[in-house]
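Observations on the three-dimensional arrangement
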Amino acid sequence: MQMTSDHANLLYEGKAKRVFNSNHSDRVLVEFKNDATAFNARKHMQLRKKGFVNCQISACLFEVLEGEQVPNHYLGLIADTCMMAQRVQIIPLEVVVRNIAAGSLCRETPISFGQELPAPLIDLYYKDDEMGDPLLTEARLELLGLLDREQRLEISRLALKVNSVLSTFLDKLQLTLVDFKLEFGCNESGQLLVADEISPDTCRVWDQRNTDLDGRILDKDRFRKDLGGVVEAYEEILKRIQGVCSKPRIYR
Ligand code: UDP
C-alpha cells in the first residue's frame, strides 16, 4: 500500500506519524515516519528504519497490553510501518508516568537524576506545541473541563496499569522502564482507550546489561543528547521483545 502518496485520505500529520482515513469510518491507518524530532521540533532529522522499528515495537507492546485487558486503539498491522487503529477523539493531554527521575522532573525539581521514586508519579501536560506542552495542576485540569470525574480517575488507573504491565514485561528482558508518555482518546462508543504509540520515542528505557550511563540508554535520549546509534538502540529493544513475543498480527 502506497501510504505516503495517499494525500486525499490524510487526516493528520504529526512529527513522527501520519494518520489516514481507512475504508471504515470507525478505523484509521497510523503510519510511522522516519522523522526524529526533539526540543519541540527545533532538532529534526531523518533516521532510516525508525518508522519500521517503532511501528513493530508499538504493535508488540499494544498486544502485550491487550493481553492484560488494557483497552487500546490498536487493531493489527497492515504494513511494516503502518497499523490499523480504532478512530478516537484524542484528549489533548500528555500523560507521563515516571518510575525513575529523569528529564523534566530533574530540570524542574531538586530531585536528582536516576533516583528511584517511592511510587510511580503521574504528570499531566496540556498537549499544545505552541505552548510547549505545559505541566498542569489538578485545578487547571478541572478548569479546562477536558475530562469528567470518571474519565480523570480512569486515566490514572489505566496509566498505572500500563506502567505495571510494561515495567514487568520489559524487566524480564533486562530493560528498565524509566518513564513514558501516553495519550488517551475516546472511540465512537465513548470508551476510553490508550492511543497514539508506545515506542522508544515516547519512553525512556535503560539496558540493565550495560552499566555505562550513556551506553545503557536505548531511547530518544540518544537523539536528544547526540549519542549516535539511535535506531540501533531501538532495534535492540525490538530484538529482545521479539525473543519472547510472536510477530504482531496482520489486520485483515
Ligand atoms: N515525552 C514524549 N513526548 C513529549 C514529552 C515527553 O513522548 O512531548 C516522553 C519522553 O520521551 C519521556 C517522558 O515522556 O519518556 C517524560 O518526558 P519529560 O517530561 O522528562 O520531558 P523531556 O525530558 O523529554 O523534555
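Figured I'd write up the structure that's included with this text. In this text the structure is predicted, and so the values were computed from the model without any measurement.

Counting its secondary structure elements, the protein chain contains six helices and 13 strands. Relative to the compact-globule value of 18 Å for 252 residues, the protein chain shows a C-alpha radius of gyration of 17 Å, a close match. Looking at the 252 residues of the protein chain, the share that counts as buried comes to 51%. Counting contacts in the protein chain only where the partners sit at least 6 residues apart, residues at least 24 apart contribute 59% of the total.

It is worth spelling out helix 4 (residues 149-172) at this point. When the terminal C-alpha atoms of helix 4 are compared, their 35 Å separation across 24 residues agrees well with the 34 Å that a helix rising 1.5 Å per residue should span. When we look at burial in helix 4, the residues that qualify are Arg152, Ile155, Ser156, Leu158, Ala159, Val162, Asn163, Val165, Leu166, Phe169 and Leu170. Two or three places before Glu150, at the opening of helix 4, Asp148 has a side-chain oxygen 3.2 Å from that residue's backbone nitrogen. Downstream of helix 4 by a residue or two, Gln174 has a phi angle that is positive, lying close to 60 degrees.

A few words now on the sheet that holds strand 1 (residues 10-13). With antiparallel pairing, five strands are arranged side by side in an open sheet as 1-2-3-7-6. Two strands in the sheet have a free side with no partner beyond their single neighbour: strand 1 and strand 6 (74-79). Neighbour to neighbour, the strand axes of the sheet diverge by 25 degrees on average, direction disregarded. Here strand 1 pairs with strand 2 (residues 17-21) via three bridges, running antiparallel. Across the sheet, residue Tyr12 finds its bridge partner in strand 2, namely Val19. Along the sheet, helix 1 (residues 50-67) makes contact with strand 3 (27-32), strand 6 and strand 7 (82-86), crossing strand 6 at roughly 150 degrees.

Calculation rules
Residues numbered from 1 in each chain as written. Predicted model: local features only at pLDDT ≥ 70, side-chain atom pairs only at ≥ 80, totals over all residues. Heavy atoms only, no water. Helix = DSSP H or I, 4+ residues; strand = E, 2+ residues; numbered from the N terminus. Rg over C-alpha atoms; globule rule 2.2 N^0.38 Å. Buried < 20%, exposed > 50% of the residue type's maximum accessible area, 1.4 Å probe, protein only. Contact = heavy atoms within 4.5 Å. Expected span 1.5 Å × (residues − 1). Polar contact = N/O pair within 3.5 Å; in protein donor to acceptor, adjacent residues only side chain to side chain. Pairing = 2+ DSSP bridges. Axes fitted to C-alpha atoms, helices over the stretch in contact; angles between N-to-C directions.

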